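Fold and geometry: a report
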Amino acid sequence: MAISSAPRNISEVAIASAATVHRNLSVPVLYEHAVKREEGKLLDGGTFAVYSGERTGRSPNDKYLVKTADISEHVWWGPHNQPMDVETYNRVSARILRHFSGKELYVQDCIVSQDPEHVRKVRVITEQAYHSIFARTMFIPSEPFEDDDIDLTILHAPSLELDAIRDGVNSECVVALNLTEGVIAIAGTAYAGEMKKSVFTAMNYYLPLEGVLSLHSAANVDPKTGKTALFFGLSGTGKTTLSTDKERLLIGDDEHAWSEEGIFNIEGGCYAKVINLRKEAEPEIFDQTHEFGTILENVIFDEATRLVDLDDSSVTENTRGSYPLGSLQNVYTQQVAPHPSHVILLTADAFGVLPPVARLDTNQALYHFLCGYTSKLAGTEMGVKEPSTTFSACYGAPFMALNPTLYADLLAQRLEMTGAKTWLINTGWTGGPYGVGERIAILETRKMVRAVLNGQCDNVTFRKDENFGFDVPTACPGVDSKLLNPRGMWPDPAAYDAAAADLAAKFRKAFDQFRNLVSPEVASAGP
């Protein structure tokens, strides 16, 4: 089957060959289709539970960017952006189109970007009704598009398993982004997050080239002062939890952009981890696990009562809830929010070395932004069973299509323009490493975040961290001061010193790839 070079023709061919096409169905109607097709189960409260099969997280080894002359000079090629030649892409996309032939398909026309100045039109074509709900939830529903007016087309074929040798890919799964044609081809995985993160990768290519900083971050606004806060962080570090705060208005929980006018959400929904969720700690998110319209992915439930068990990780630690942003009570409703007054870098330190809160100057902020240190948490990617130390540039290297220093340069411009204060918040372990110490309680972390955002940490006494050089408060309202000194939390201070020295060395090694690409002030701002 011949493939035209125009993205609209991909959409036309896919739809024309289908037996039945359902266009832009509403969530209630899609629910009916999903139940009838036995794609999942209705649970108590009205949520819809689905299983994604063997792949319960992203498959980074199967993600590619199609290498064309138009994008080659811009892309940050490497393990996060594996090149795929055009011939292989044509073969893969043709297989998906053949697979679609004679099938029942679901089409959703959506947009991404709440700011109308930076909107991209996205058409999602998928085999499953629940994936169409996911697209309608995570992106922003739109009026139907004309076939010649689409920026991105997602060809989503989860039931199609490729032949790695014949098709020239790494496994039966593929996620291939053709940014020149505006096509995202996904096959062999039902994990819904692949759609969301593929679109985010595309926006991380398009927006910075327009001078707009794309952000793997959450964002919220103080309704009393109008001050915005950003929360950078990888999956599992607390972006969704800490930004969803009853005292503030949520802009979004994961993907944003920072233009010269302010902050705007790229998405229209939230995709929260729900493992071990507690109402007392995260009431707003917990309530969504019992609401109509929420897709619960890979959770365990009782077949008879249809009551969900959020503590059961027998399928995966990466259980997820997808729900519309508008279903929350405290939501920011304007298209563009004010520039942030605070920028928070979140990390989950599995070594138990970093303090729970620290203040950074601009050079330190750029250093830590480029390092993107955290612990890769269980279930987020295939094969990850327990936390492991990782450095992920821009707190989202798997989704950064351009060189991280480009995003860092834009961040430096924004920080200088706004004077926003930057903080490092550790949501990881204290009193020892993973397996020995304990994870910092989310309620304690929330107290520290609120103190930072409310200005209660501006005038306290700070100490200089001996290993990392940033400022650590010696007191924080409502928090036991002992928690602020990680060395004092370890039963063996000498063991802490050894762990801190080891982590500092890992930072220096991770930063080496950027050392000659940044100013001397940024290069020397780390441990």
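In what follows, the accompanying structure is described. (Residues numbered from 1 in each chain as written. Predicted model: local features only at pLDDT ≥ 70, side-chain atom pairs only at ≥ 80, totals over all residues. Heavy atoms only, no water.)

Looking at the pairing of strand 13 (residues 228-232)
- Most of strand 13 sits out of view: 5 of its 5 residues are buried.
- Along strand 13, one buried face is formed by Thr 228, Leu 230 and Phe 232 and the opposite face, lined by Ala 229 and Phe 231, is buried too.
- Taken together, the 5 bridges between strand 12 (residues 213-221) and strand 13 define a ladder with antiparallel strand orientation. Looking across to strand 13, one finds that Ala 219 is bridged to Leu 230.
- Hairpin connection between strand 12 and strand 13: a loop of 6 residues separates the two successive antiparallel strands, and Gly 226 in this loop has a positive phi of roughly 75 degrees. (Buried < 20%, exposed > 50% of the residue type's maximum accessible area, 1.4 Å probe, protein only. Helix = DSSP H or I, 4+ residues; strand = E, 2+ residues; numbered from the N terminus. Pairing = 2+ DSSP bridges.)

Side note on the environment of Val 331
- Considering the arrangement of structural elements, one finds Val 331 in the loop between strand 21 (320-324) and strand 22 (340-347).
- Given the relative accessible area of 17%, Val 331 is considered buried.

Here's the deal with helix 10 (residues 404-418)
- Taking 1.5 Å of rise per residue, the 15 residues of helix 10 would be expected to cover 21 Å, and the 21 Å separating its terminal C-alpha atoms lies within 8% of that figure.
- Among the residues of helix 10, those classed as buried are Pro 404, Thr 405, Tyr 407, Ala 408, Leu 410, Leu 411, Arg 414 and Leu 415.
- The secondary structure elements touched by the buried residues of helix 10 are helix 6 (193-206), strand 12, strand 15 (255-258), strand 22, helix 9 (362-371) and strand 26 (421-426). (Expected span 1.5 Å × (residues − 1). Contact = heavy atoms within 4.5 Å.)

Description of unusual backbone geometry
- The backbone of Asn 24 sits at a positive phi, close to 55 degrees, despite the residue not being glycine.
- For Asn 24, the location among the structural elements is in the loop between strand 1 (20-23) and helix 2 (27-36).
- We note that Arg 306 has phi near 60 degrees; this positive angle belongs to a residue other than glycine.
- Here Arg 306 shows up in the loop between strand 19 (300-301) and strand 20 (308-309).
- For Arg 306, a relative accessible area of 25% puts it in the partly exposed group.

A closer look at the packing of helix 9 against helix 13 (residues 493-511)
- The interhelical angle for the contact between helix 9 and helix 13, taken along N-to-C directions, is 80 degrees, at an axis separation of 9 Å. Classified by the angle between their axes, helix 9 and helix 13 sit roughly perpendicular to one another. Of the residues in helix 13, those touching helix 9 at Tyr 367, His 368, Leu 370 and Cys 371 are Phe 507, Arg 508 and Phe 511.
- Among the residues forming the contact of helix 9 with helix 13, the class breakdown is 5 nonpolar, 1 polar and 1 charged. (Axes fitted to C-alpha atoms, helices over the stretch in contact; angles between N-to-C directions. Parallel < 35°, antiparallel > 145°, perpendicular 65-115°, else oblique. Nonpolar A, V, L, I, M, F, W, Y, C, P; charged D, E, K, R; others polar.)

Let's talk about the packing of aromatic side chains
- Taken as a whole, this structure holds 18 aromatic pairs when the rule is applied.
- When the centroid spacing of 6.2 Å and the interplanar angle of 50 degrees are considered together, the rings of Tyr 191 and Tyr 271 count as tilted. Remark: Tyr 271 occurs in strand 17 (residues 269-273) and Tyr 191 occurs in the loop between strand 11 (183-187) and helix 6; sequence separation between them is 80 residues.
- When the centroid spacing of 5.4 Å and the interplanar angle of 70 degrees are considered together, the rings of Phe 232 and Phe 369 count as edge-to-face. Of the two residues, Phe 232 sits in strand 13 while Phe 369 sits in helix 9, which places them 137 residues apart along the sequence.
- Under the relative-accessibility criterion, Phe 369 is labelled buried at 1%.
- Joined through ring pairs, the aromatic side chains of Tyr 373, Phe 391, Phe 468, Phe 470 and Phe 507 make up one cluster. (Phe/Tyr/Trp six-rings, centres within 6.5 Å; stacked < 30°, edge-to-face > 60°.)

Remarks on the nonpolar core
- Of all hydrophobic cores here, the largest spans 89 residues; its most connected members are Ile 154, Trp 258 and Phe 511.
- The contacts of Trp 258, once residues within four sequence positions are left out, are Val 212, Leu 213, Leu 215, Leu 230, Ile 263, His 339, Pro 340, Val 343, Leu 411, Arg 414, Leu 415 and Thr 418.
- Grouped together as the second largest cluster of nonpolar side chains are 25 residues, Ala 18, Ile 125, Ala 157 and Leu 162 included. (Core = buried A, V, L, I, M, F, W, Y, C linked by side-chain atoms within 4.5 Å.)

Structural notes on the packing of helix 9 against helix 10
- Running from N to C, helix 9 and helix 10 cross one another at 150 degrees; their axes reach a closest spacing of 10 Å. With respect to helix 10, the element helix 9 is oriented roughly antiparallel. Judged by the sense of rotation from one axis to the other, the crossing of helix 9 with helix 10 is right-handed. Each of Thr 362, Ala 365, Leu 366, Phe 369 and Leu 370 in helix 9 lies in contact with helix 10, whose residues at this interface are Pro 404, Thr 405, Tyr 407, Ala 408, Leu 411, Ala 412 and Leu 415. (Left-handed = near helix turned anticlockwise from the far one by under 90°.)

Fair warning: the whole summary comes from geometry, so function is off the table for now.
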